[in-house]
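Here are the chains, one letter per residue:
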Amino acid sequence: MVETVGDPEELPPVDSWISKVDFRSTAEVKIPERLVDQVIGQERAVEVIRKASEQKRHVMLIGDPGTGKSMLARSMTEMLPRDDLQDIIVYHNPEDPNEPKIRVVPAGKGREIVNAQKAEAMQRREQKASMVMTIVFFIIGLSVILSYQWGSPTPEFRPDAPNIILFGILVAAIIYIATRYTGHRQENLMVPKLLVSHTPDEMPPFVDATGSHAGALLGDVKHDPFQSGGLETPAHERVESGAIHKAHKGVLFVDEINVLRMESQQSLLTAMQEKKFSIVGQSERSSGAMVKTEAVPCDFILVAAGNLDAVQGMHPALRSRIRGYGYEIYMKSTMPDTEENRLKLVRFVAQEVAKDRKIPHFDRSAVLEILREAQRRAGRRGQLTLRLRELGGLIRVAGDIAQEEATPLVTAKHVVDAKRIARSLEQQVADRMIERGKEYQTFITEGAIVGMVNGLAVLVGDNSIAEFSGIVLPIAAEVTPAQAKQGGRIIATGRLGEIAKEAVENVAALIKKYTGEDISNHDIHVQFVGSREGTEGDSASISVATAVISALEEVPVNQTVAMTGSLSVRGQVLPVGGVTAKIEAAAELGLKRVVIPRANMKDVLLEDRYQGKIEIVPVDTLSEVLEEALVGPKKSGLISKLVALVPKITPDKPGPAAVPH
């Protein structure tokens with residue numbers, strides 16, 4: 001499928017667009033039968049998966065969580081031939097019991113062979129049991145006969161009859177026990193074990209080996225505590241197949257491939273190269289460590305998946321094997337906001353409802369809210385998110401609410417309620433921090449203060465969450481005479497990460513440039529107030545620079561203004577991430593204006609409840625930031641000095657001062 005690329009600006013807003021789409025609920029939306037056709041937004045990946053299935057190539061899928069990696073891997077089984085499936089049987093080796101034999105037969109034949117052998121062994125066991133019982137009864141009967149005095153006129157028991165009968169019973173019991181257990185073990189040796197089984201019309205196997213230990217991945221041999229005396233279990237019965245053998249003629253999927261131990265990755269590489277791998281005992285102290293089967297077939301297609309950092313933890317030879325005999329794909333996390341892609345997301349809602357089977361279908365208004373959320377979570381205007389697992393979670397929560405209310409369809413109200421309920425941990429923490437800040441008045445949202453700026457930041461737990469959670473981060477600065485003879489220094493507190501520390505240090509050059517003063521005679525103290533969990537990144541650069549210049553020049557900062565943005569060493573304001581979440585956090589706290597990089601204006605997609613609550617001011621340079629943030633009688637003199645000292649770096653660009661809709 002070729003992706004239709006159009007100018008997103010030409011599309012009408014989703015509100016008016018969806019009214020022209022011909023459906024009343026997702027029950028009317030047709031869902032493709034094949035799994036590969038249900039994958040959304042990954043056209044290049046789908047094309048590669050089709051080729052890999054046809055040519056039986058290995059694939060590595062790298063990208064953000066929830067973008068469809070496991071779905072793509074599972075879809076490969078639909079395109080593999082079914083007539084190639086095979087059953088694998090393990091037999092006792094009379095020449096070397098610790099090296100069981102392997103036999104491969106067509107799918108469905110393995111169970112027939114094993115059942116036939118079991119039936120034959122059962123028949124032999126019954127025959128032997130009947131013969132043993134005949135002997136037992138004969139011995140007992142003989143002992144009873146010998147206990148009589150047959151020479152007397154009337155037969156009567158001999159004086160030692162109890163001893164004779166007891167002896168006969170004892171001999172019969174010994175014979176029965178001896179033949180019972182030794183014969184039973186001999187019969188077990190003759191019955192093979194079915195390692196891998198299929199039915200003739202079965203789909204090719206899909207085996208998820210994510211996080212498997214060595215035994216589950218490569219096969220293992222069970223430990224037998226009874227290793228002698230005729231009680232031991234035959235070696236071939238203790239053999240257990242691994243994921244690589246169960247995936248024979250199918251797909252082996254390993255997510256987070258880097259968490260596999262290097263030894264397991266090396267063995268996996270060997271299995272891929274040889275297409276067969278012997279099963280051995282994985283525990284060195286187990287009796288199974290002595291057992292090693294003949295080579296077991298494992299002709300599978302490996303689909304390795306993970307985040308971008310997974311590549312660093314992979315065995316170099318394993319990755320080389322995939323690259324040399326397959327494909328590497330980097331999954332997309334967003335797709336263009338085109339009409340075709342909007343229709344795909346409508347279909348996605350229908351797919352999730354059909355997959356869940358426990359929630360009602362969505363009406364037109366509910367689908368509209370899902371489309372809006374897809375735009376917001378993309379983080380950029382003109383894009384739709386492809387982190388569809390999280391979007392699917394929102395769909396299920398909305399469906400649960402509708403199910404609880406016993407409504408026939410999910411409506412927009414249910415989706416809005418679901419967004420409020422199904423908030424990420426980071427969002428809940430951010431909400432609690434804002435509430436606590438209001439309660440203890442750690443945030444100042446009115447008036448003007450020297451050296452105090454309301455910065456903006458985001459809470460990020462890990463990269464598995466697409467949504468950012470914004471927080472207001474007050475930054476305080478103070479300038480004091482230098483304590484050291486060799487010159488002043490910048491002292492920053494708040495558990496800063498490396499990038500944040502470098503950003504603070506870079507601000508020193510800008511301060512010297514923008515104030516025209518020699519700051520080597522001063523110590524500059526910067527505090528990230530309330531940053532108990534630490535701060536990383538350079539998005540607070542303009543906040544730090546504004547706070548320090550305010551403290552150095554004693555010009556107050558308007559506390560109704562919040563700001564976020566990175567700084568170049570030449571004073572240019574550079575774009576940052578999570579700008580929408582930061583603006584919403586500022587609006588939640590009651591701030592009136594927020595200063596952001598002009599390049600981030602296209603990324604602003606606020607929820608309806610924040611529209612009109614806060615003014616957004618785009619800027620290009622630090623001079624513009626100071627113009628918006630500083631107040632008081634000294635402001636005009638400082639700005640005039642800055643204009644004289646620093647020429648404007650970028651030309652004026654017209655930009656909207658309000659939130660774009």
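Residues numbered from 1 in each chain as written. Predicted model: local features only at pLDDT ≥ 70, side-chain atom pairs only at ≥ 80, totals over all residues. Heavy atoms only, no water.

S.K.: What am I meant to see in the overall build of the protein here?
M.R.: In terms of helices and strands, the protein carries 19 helices and 29 strands. By residue count, 49% of the 661 residues in the protein fall in the buried class. Long-range contacts, defined here as pairs at least 24 residues apart, represent 76% of the contacts in the protein between residues at least 6 apart. Accessible surface for the protein amounts to roughly 32600 Å². Of this, 53% is attributable to carbon and sulfur atoms. (Helix = DSSP H or I, 4+ residues; strand = E, 2+ residues; numbered from the N terminus. Buried < 20%, exposed > 50% of the residue type's maximum accessible area, 1.4 Å probe, protein only. Contact = heavy atoms within 4.5 Å. Areas by Shrake-Rupley, 256 points an atom, 1.4 Å probe, with all protein chains shown as cover.)

S.K.: Looking at this structure, how should I read the pattern of salt bridges?
M.R.: Pairs may arise between side chains of opposite charge once their charged atoms sit close together. The full count for this structure, using the stated rule, is 38 salt bridges. With a shortest N-O distance of 3.7 Å, K51 and E47 are connected by a salt bridge. Of this pair, K51 and E47 both sit in helix α2 (residues 43-55), separated by four residues, roughly a single helical turn. A salt bridge links R323 to E328, with the nearest nitrogen and oxygen atoms 3.7 Å apart. (Salt bridge = Lys/Arg side-chain N within 4 Å of Asp/Glu carboxyl O.)

S.K.: Where do I start with a nonpolar patch on the surface in this structure?
M.R.: Taken together, the side chains of M133, F137, Y176 and I177 present a nonpolar region at the surface, about 390 Å² in accessible area. Where the nonpolar patch is concerned, the elements lending two or more residues are α4 (109-146) and α5 (161-190). Tracing the chain through its elements places F137 in helix α4. Overall, F137 belongs to the exposed group, its relative accessible area being 55%. (Patch = residues over 30% accessible without salt bridge, like charges linked within 9 Å, V, L, I, M, F, W, Y side chains within 5 Å.)

S.K.: Sorry if this is basic, but what is going on with the sheet that holds strand β20 (residues 452-459) here?
M.R.: One key point about sheets: their strands pair by backbone hydrogen bonds, in either a parallel or an antiparallel sense. Taken in spatial order, the seven strands of this open sheet run β22-β23-β21-β20-β25-β28-β29, and their pairing is mixed. Pairing within the sheet leaves two strands with one partner each, and these edge strands are β22 (490-493) and β29 (615-619). The average undirected angle you get between the axes of adjacent strands in this sheet is 30 degrees. Here β20 pairs with strand β21 (residues 469-481) via eight bridges, running antiparallel. Bridged to V458 within β21 is G470. Each of β20, β21, β23 (522-528), β25 (561-563) and β28 (593-597) is contacted by helix α16 (residues 541-553), which is oriented at about 30 degrees to β21, the strand it contacts most. (Pairing = 2+ DSSP bridges. Axes fitted to C-alpha atoms, helices over the stretch in contact; angles between N-to-C directions.)

S.K.: Please clarify how the sheet that holds strand β13 (residues 301-306) should be interpreted in this entry.
M.R.: Across the sheet, which stays open at both edges, the five strands sit in the order β7-β10-β13-β1-β14 with parallel pairing between neighbours. Each edge of the open sheet is held by one strand with a lone partner, namely β7 (206-208) and β14 (326-330). Taken over all neighbouring pairs, the strand axes of this sheet differ in orientation by 15 degrees on average, direction set aside. The pairing of strand β1 (residues 58-62) with β14 spans five bridges and is classified as parallel. Bridge pairing in β14 places I62 opposite Y330. Running over the sheet, α2 touches β1, β13 and β14 and is turned about 165 degrees from β14. Seen against the sheet, helix α9 (residues 316-324) touches β1, β13 and β14 and runs at an angle of roughly 100 degrees to β14.

S.K.: So what exactly am I meant to see when it comes to the environment of V296 here?
M.R.: With respect to the helices and strands, the residue V296 is situated in strand β12 (residues 296-297). In the structure, V296 is positioned 208 residues away from I88 in sequence and 7.9 Å away in space, judged by C-alpha atoms. The contacts of V296, once residues within four sequence positions are left out, are I88, I102, H245, K276, F277, S278 and I279.

S.K.: For this particular structure, what's the right way to read the packing of helix α8 (residues 262-274) against α9?
M.R.: Angle between the axes and distance between the axes are the two parameters that describe a pair of packed helices. In the contact formed by α8 and α9, the axes pass within 9 Å of each other and the chain directions differ by 30 degrees. Taken as axis vectors, α8 and α9 run roughly parallel relative to one another. Handedness of the crossing formed by α8 with α9: left-handed. Facing α8, whose interface residues are Q265, L268, L269, M272 and Q273, α9 presents A317, L318, R321 and I322. (Parallel < 35°, antiparallel > 145°, perpendicular 65-115°, else oblique. Left-handed = near helix turned anticlockwise from the far one by under 90°.)

S.K.: Which parts of the structure should I look at to understand unusual backbone geometry?
M.R.: Excluding glycine, residues mostly have negative phi values, and the peptide bonds linking residues are mostly trans. In this structure, K275 takes a positive phi of about 60 degrees despite not being glycine. Structurally, K275 is set in the loop between α8 and β11 (276-277). Classification of K275 as partly exposed rests on a relative accessible area of 45%. Even without being a glycine, E554 presents a positive backbone phi close to 60 degrees. Topologically, E554 is positioned in the loop between α16 and β24 (556-558).

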